[in-house]
Amino acid sequence: MSQWLQRHTSPTVQLSLAAALGAIAATSVIFTATSIRRRRITEELKASIPDISKEHHATPLTEYGAAMRPSITNKEDERAAQIAARARKGDFDEELILEQLARNRVFLKDEGLAKLRDAFVVVVGLGGVGSHCVAALARSGVSRIRIIDFDQVTLSSLNRHALATLADVGTPKVHCVRKRLEQICPWARIDCRNELLSSQTTEPLLAKWDFEVRDDEDCKEPDWVVDAIDNIDSKVGLLHYCALKGIKVISSMGAGCKSDPTRIQVGDISTSVEDPLSKATRRRLRAKGIKDGIPVVFSTEKPGEGKAELLPIADEEYEKGNVDKLGVLPEFRVRILPVLGTMPAMFGYTVANHVMCSIAGYPMDYRVGERGREKLYDSILSGLQGLEERLVRSTPGQDAVGLRIPISREDVAYLVEEVFRGRSVVSGLGNRLALTRWRKPAEGFRVDETYLKDGQKMIKLPMADLVLMTKEEAQKHEREVLRGSTAPEDLYEPAVLNTVERRHREELAYERYR
């Protein structure tokens, strides 16, 4: 071969080939030597790792690469764990338990407390909402609780988590919660599931109670499931499964960007408003054939000028593309939610309150599945419709038959509750309320001709021109301002005028968020 190359190639080519072959040979030697060295170092490192024993123990990892270690503990924690282990086996004075639950016992009576202590509740999600809910359930007497969460405690968790401390940062939330509850109510059995709820794991995670089962009890199904998940896919999957299986479930909606505790409500998912998470959940469930029947905790607080908003994703991240890769896991949100630490706690306690009262059979006077004031809104809407028809009929050449106004019951509810806070702008009274125009329109009370070509008989009625009064005040306003020639400035005190102006400014500011 070498002789053939010598005869058929020039010396320059021969030299180049020789150099290339030499480089390949040298590279092979280097890679071989490096591989041998790496293998030797790896073997030495493995040999240096001691066998698992009492002195050297290994901590298994979750499927997400997170440590499954219970928590950083001290002697007090170990002592509490030992006491709890004995208490769960029955080695705890019943009188001490009843003394600790004395206030609940007086409130719920013996029968109600017994039902609560025999209950089995599953809580999915141990963030700000779930941790407060679990704490309330255990403190109130629920003795069998299964907690499910795959996440760890972080520094940012401490502004809203009910049970985590600085020492718990980096540890699984389920073990942090269990450790603290062992110190509060050692007789409660806390079944920790450091797992992510998914379509594959939902059925086993919501299965019958099988943790430290006593000889005298049955492996019962969950009495209630609490959904405290902030991931839309897992939330919808859990609610859909519970609805199909007939499992009682209550869902916490979004506490992020909320700050008004007076707006927190319990209602059916079909009636929840002003909550993007609830809206998205409701739409997905409706696509699966579930329209109602699931109680939810939500806030009717509206966004507004100066209030917290969802933080935007940086432009440079958008430029990189695939912003969904920024999430902790696929399909998880990638933006940080602004959260006031108090609001998740109130959501969690509201959820726990509903579960406890339901289990104990305590009367719940609030209307689950209704917003509670529909009849009032219908009455106000009917009164406004009648007022506009009277005003149109009083205008020469106008026909009020079939007249429609561009105001719905939801608009009435918004004006009454959000804009005017349920009180008259004139007297501040909160009963016998009515909506009315504030000023007489310059063009008079005429049908809007732009809708006539479509067969609609409508009248212009801006929401920012409506005010809330008592029925008696509205009748006087109609007589003197809308039908008469008196201007509002000539009829009302400056304080009333300032209130109306302020409320109308708020409505115009809110309008861009609707």
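Quick caveat: nothing in here was measured; it's all calculated off a predicted structure.

1. Some remarks on the overall build of the protein
Move 1: Per the secondary structure count, the protein includes 17 helices and 9 strands.
Move 2: In the protein, which comprises 514 residues, the proportion classed as buried is 42%.
Move 3: Taking as baseline every contact in the protein between residues at least 6 positions apart, the subset at least 24 positions apart corresponds to 72%.
Move 4: By element, 53% of the accessible surface of the protein is carried by carbon and sulfur atoms, the whole surface being about 28500 Å².

2. Examining the sheet that holds strand β5 (residues 249-252)
Move 1: Read from one edge to the other, the open sheet built from 7 strands follows the order β3-β2-β1-β4-β5-β7-β6, with strand pairing classed as mixed. Each edge of the sheet is formed by a strand with only one pairing partner; in this case those strands are β3 (189-193) and β6 (264-268). Each neighbouring strand pair of the sheet contributes to a mean axis angle of 20°, computed without reference to strand direction.

3. Focus on the UniProt feature "transmembrane region" (unreviewed entry) in the protein
Move 1: As recorded in UniProt, the feature "transmembrane region" (unreviewed entry) lies at residues 12-36 and 119-138.
Move 2: Here residues 119-138 runs as 55% helix and 25% strand, with 11 Å between its end C-alpha atoms.

4. Concerning the pattern of salt bridges
Move 1: Under the defined criterion, the tally for this structure stands at 29 salt bridges.
Move 2: Note that glutamate 212 and arginine 88 form a salt bridge whose closest N and O atoms lie 2.8 Å from each other. Here glutamate 212 is found in the loop between α8 (202-205) and β4 (224-227), whereas its partner arginine 88 is found in helix α3 (residues 75-88), with 124 residues between them in sequence.
Move 3: Since its relative accessible area comes to 33%, glutamate 212 is described here as partly exposed.
Move 4: Under the relative-accessibility criterion, arginine 88 is labelled buried at 14%.
Move 5: For lysine 220, the salt bridge is made with aspartate 223, and the minimal N-O distance between the two is 2.9 Å.
Move 6: Salt bridges sharing common partners tie together Arg88, Arg178, Glu182 and Glu212.

5. What about the packing of helix α9 (residues 232-245) against helix α10 (residues 276-287)?
Move 1: For the pair α9 and α10, interaxial distance at closest approach is 10 Å and the crossing angle is 50°. Considering the angle they form, α9 stands oblique to α10. Crossing handedness for the pair α9 and α10: right-handed. When α9 is examined against α10, the residues Ile232, Asp233, Lys235, Val236, Leu239 and His240 are found in contact with a partner set consisting of Leu277, Ala280, Thr281, Arg284 and Leu285.

6. A look at helix α14 (residues 409-419)
Move 1: Most of α14 sits out of view: 9 of its 11 residues are buried.
Move 2: The complete set of buried residues in α14 reads Asp411, Val412, Ala413, Tyr414, Leu415, Val416, Glu417, Glu418 and Val419.
Move 3: Two residues or fewer after α14 comes arginine 421, characterised by a positive phi angle close to 55°.

7. Let's talk about the packing of aromatic side chains
Move 1: Under the counting rule described, the total for this entry stands at 5 aromatic pairs.
Move 2: Aromatic side chains phenylalanine 92 and tryptophan 187 sit 6.0 Å apart centroid to centroid with 55° between the ring planes, which places their arrangement in the tilted category. In this pair, phenylalanine 92 sits in the loop between α3 and α4 (94-100) while tryptophan 187 sits in the loop between α7 (173-184) and β3, placing the two residues 95 residues apart along the sequence.
Move 3: Relative accessible area serves as the criterion here: at 4%, tryptophan 187 is assigned to the buried category.

8. Section: the nonpolar core
Move 1: Ranked by size, the top nonpolar core spans 43 residues in total, and within it Val121, Val123, Leu137, Ile145, Ile147, Val226 and Val355 carry the most contacts.
Move 2: Counting only elements with at least two residues in this core, the list comes to α5 (102-117), β1 (120-124), α6 (128-140), β2 (144-148), α7, β4, β6 and α12 (342-360).
Move 3: The biggest single contributor to this core is α12, with 8 residues.
Move 4: Residues in contact with valine 123, not counting those within four places in the same chain, are Gly130, Val134, Leu137, Ile145, Arg146, Ile147, Ile148 and Val226.
Move 5: The next biggest cluster of nonpolar side chains, apart from the first, holds 38 residues, and it includes Leu387, Ala400, Val416 and Val419.

9. Considerations on the packing of α6 against α7
Move 1: Put simply, α6 and α7 touch, their axes get as near as 11 Å, and they point 25° apart. By the angle between their axes, α6 is roughly parallel relative to α7. In the packing of α6 onto α7, the handedness of the crossing is right-handed. Here Val134, Ala135, Ala138 and Arg139 of α6 lie close against α7, whose contacting residues are Val177, Leu181 and Ile184.
Move 2: Split by residue class, the contact of α6 with α7 holds 6 nonpolar, no polar and 1 charged.

10. Let's talk about α9
Move 1: A rise of 1.5 Å per residue sets the reference length of α9, with its 14 residues, at 20 Å; its end C-alpha atoms lie 20 Å apart and thus fit the reference within 8%.
Move 2: Buried residues belonging to α9 abut β1, α8, β4, β5 and α10.
Move 3: Once α9 finishes, glycine 246 follows within two positions and takes phi at roughly 75°, a positive value.

11. Points about the side chain of arginine 282
Move 1: Structurally, the position occupied by arginine 282 is in helix α10.
Move 2: Each residue touching arginine 282, except ones within four places of it in the same chain, is listed here: Ile269, Ser270 and Ser272.

What counts as what
- Residues numbered from 1 in each chain as written.
- Predicted model: local features only at pLDDT ≥ 70, side-chain atom pairs only at ≥ 80, totals over all residues.
- Heavy atoms only, no water.
- Helix = DSSP H or I, 4+ residues; strand = E, 2+ residues; numbered from the N terminus.
- Buried < 20%, exposed > 50% of the residue type's maximum accessible area, 1.4 Å probe, protein only.
- Contact = heavy atoms within 4.5 Å.
- Areas by Shrake-Rupley, 256 points an atom, 1.4 Å probe, with all protein chains shown as cover.
- Pairing = 2+ DSSP bridges.
- Axes fitted to C-alpha atoms, helices over the stretch in contact; angles between N-to-C directions.
- UniProt positions renumbered as here; feature names shortened; annotations may be inferred.
- Salt bridge = Lys/Arg side-chain N within 4 Å of Asp/Glu carboxyl O.
- Parallel < 35°, antiparallel > 145°, perpendicular 65-115°, else oblique.
- Left-handed = near helix turned anticlockwise from the far one by under 90°.
- Phe/Tyr/Trp six-rings, centres within 6.5 Å; stacked < 30°, edge-to-face > 60°.
- Core = buried A, V, L, I, M, F, W, Y, C linked by side-chain atoms within 4.5 Å.
- Nonpolar A, V, L, I, M, F, W, Y, C, P; charged D, E, K, R; others polar.
- Expected span 1.5 Å × (residues − 1).

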